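Here's the letter readout for the chains.
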Amino acid sequence: MMQVSRREMLRVGLGGLAAISLGGTMPAFVSRFAINRGVMRASPISNDNILVIVQLSGGNDGLNTVIPVGDDAYFSARPTIGLTERLHALENGLALNPAMSAFKELFDDGRLAIVNGCGYPNPNRSHFKSMEVWHTADPMKPQTSGWLGHYVDHLRRGTESISLRAVNIGTELPQALVADHENVPSIPSVDGGAPVAMEYLARQAANAAIDPNALERAAARFRPDADYPGGLGQQLRLIAQLITANLGTKIFYCQISGFDTHANQLGQHERLLGNVSSAIAAFTNDMKSKGLGEKVAVMCFSEFGRRVHQNSSAGTDHGAAGPMFVVGGNVKGGVYGAHPSLTDLDDGDLKYTTDFRRVYATLLDRWLNTSSSAILKNSFEPIAFL
């Protein structure tokens, strides 16, 4: 039998999209999914909620993102890159990076949840391996499909093929979206602007159930109610366009790279965090203005944090635990989970205090109205941000 490499398998583009139905209106989720093998449950939770995943690729330095301002060990470990000025105070002796003023506004408005110390047992400092763990939600053994791919497959059970259950923005499908029975489409670029990307997606849907020009018309009608920055902001602007086109899509995935800050970290890291903060805030405010603020949530993660002590190049090397962020109109903002100790370390790394799968489980159970134990093949205690 022909062997296909993992990388080749992950490069799932839009070639198979013609087989996917692109219904122009929101499907009637409730009646069908309520009997869908116990996965979708009778619940007051809406079945048309949308989850947007933002991946910070390279390993975000959580200690210079959510800063323990009162901890002497922080400044001792980081004599030249420790942050002391222009910080945005949160609670419990923590503060946000100076570049994250937009996140501070969301936090003060009760729409930003910060989950401290997210990680997993026996952490791995390899980008590839750690990202695989986060994408498959399995720290114990390799898997081919991802946690969101399992969710997409569960949506398919007992139903006809419906609209675009999930969409990735990027050239290579993340393993999180690799499913056993569905092909999740990727929009490879937004370099030509959102209308070009929408036109590309529409061309791939030429043999689907709707007029292939429908997405182009949706692009022409779209008017943002927020000022999106470049970089990540343009990906989120496209996602906003797709959401307002009302395709019935439940999951959107995008990512921003550059977080592998081994040298001269301060300026680069601040620019990246500023872009992430302002882009997610613009998207969240746009959704709120369009009356969708309580239907859309954003989850932001990175494959690992950085080591506690700075290196000799004024940067930080691969570490372990770090913060996750969840943003949305129905999110109960605040700080969740204990901040890891900076003195009780595991070979120089922070010890995780929150299993990242608890965040996944909370979003699956309380936002996507799905059985997290069926998707994750395990049970995890929810977190009260939803």
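Along each chain, numbering runs from 1 in the same order as the chain's sequence is written. Only residues with pLDDT of 70 or above have their local features reported here, since the model is predicted, and side-chain atom pairs are shown and tallied only from 80 upward, although totals for entire chains, interfaces and linings are computed over all residues. Excluding hydrogens and water, the side-chain values take into account all heavy atoms of the structure.

Engineer: Describe the pattern of salt bridges, with residues and values.
Structural biologist: Salt bridge criterion: a side-chain nitrogen from Lys or Arg within 4 Å of a carboxyl oxygen from Asp or Glu. This model, assessed by the stated rule, comprises 17 salt bridges. Note that D225 is salt-bridged to K290, the shortest N-O span being 3.1 Å. In this pair, D225 sits in the loop between α8 (214–221) and α9 (232–244) while K290 sits in the loop between α10 (265–289) and β9 (296–302), placing the two residues 65 residues apart along the sequence. Buried residues are those whose accessible area, probed at 1.4 Å on protein chains only, stays under 20% of the maximum for their type, while exposed residues exceed 50% and partly exposed ones sit between those limits. The partly exposed category is assigned to K290, whose relative accessible area is 25%. Salt bridges linked by common partners bring R125, R307, D347 and D349 together as one network. Labels follow the DSSP assignment, with helices taken as runs of H or I lasting at least four residues and strands as runs of E lasting at least two, numbered in each case from the N terminus.

Engineer: So what's going on with the confidence of the model for the protein? Residues and values would help.
Structural biologist: Summary of the metric used: pLDDT quantifies the predictor's per-residue confidence within the range 0 to 100. On average, the protein scores 85 in pLDDT, and the residues at 70 or more come to 80%. Working rule for contacts: check all heavy atoms of both residues, and any pair within 4.5 Å makes them a contact. Within the model, the stretch residues 1–42 combines pLDDT values under 50 with 99 contacts to residues more than four positions away or in other chains. Of the regions scoring below 50 in pLDDT, residues 206–210 engages in eleven contacts with residues more than four places distant in sequence or in other chains.

Engineer: Tell me about the pairing of strand β6 (residues 166–169), residues and numbers included.
Structural biologist: The alternating pattern of β6 places A166 and N168 on one face and V167 and I169 on the opposite face, and all of these are buried. Pairing of β6 with strand β7 (residues 186–187) involves two bridges; the strand directions are parallel. Bridge assignment links N168 to a residue of β7, and that residue is S186. Strand pairing requires that DSSP identify at least two bridges connecting the strands.

Engineer: Break down the nonpolar core for me, with residues and values.
Structural biologist: Formed by 50 residues in total, the largest nonpolar core has its most connected members in V52, V54, L232, L236, I239, I280 and F283. Of all the elements, α10 adds the most residues to this core, at nine residues. Setting aside anything within four residues of it in sequence, one finds F283 in contact with V52, Y228, L236, I239, A240, I243, V296 and V298. Within this scheme, the nonpolar core is defined by two criteria: the residues are buried Ala, Val, Leu, Ile, Met, Phe, Trp, Tyr or Cys, and they are joined through side-chain atoms within 4.5 Å. A137, L173, L364 and I375 belong to the second-largest nonpolar core, a separate cluster that totals 44 residues.

Engineer: Can you explain unusual backbone geometry? Please cite residues and give values.
Structural biologist: Notably, N264 is not glycine yet its phi reads approximately 45°, a positive angle. Residue placement: N264 occurs in the loop between β8 (251–256) and α10. A relative accessible area of 59% means that N264 is categorised as exposed. Its identity as a non-glycine residue notwithstanding, D347 has a phi of 55°, on the positive side. Here D347 shows up in the loop between β11 (334–336) and β12 (354–355). With a relative accessible area of 57%, D347 lands in the exposed category.

Engineer: So what's going on with the side chain of Q265? Residues and values would help.
Structural biologist: Position of Q265 relative to the elements: it lies in helix α10. Polar contact is defined as a pair of N or O atoms within 3.5 Å, subject to the rule that within protein one atom must be able to donate a hydrogen and the other to accept it, and that residues adjacent in sequence are counted only when both atoms are side-chain atoms. A polar atom in the side chain of Q265 sits 2.7 Å from the side chain of D61. Polar contacts involving the side chain of Q265 include one to the side chain of T316, which spans 2.5 Å. Those residues in contact with Q265 that lie beyond four places of it in its chain are D61, N64, R78, I81, A314, G315 and T316.

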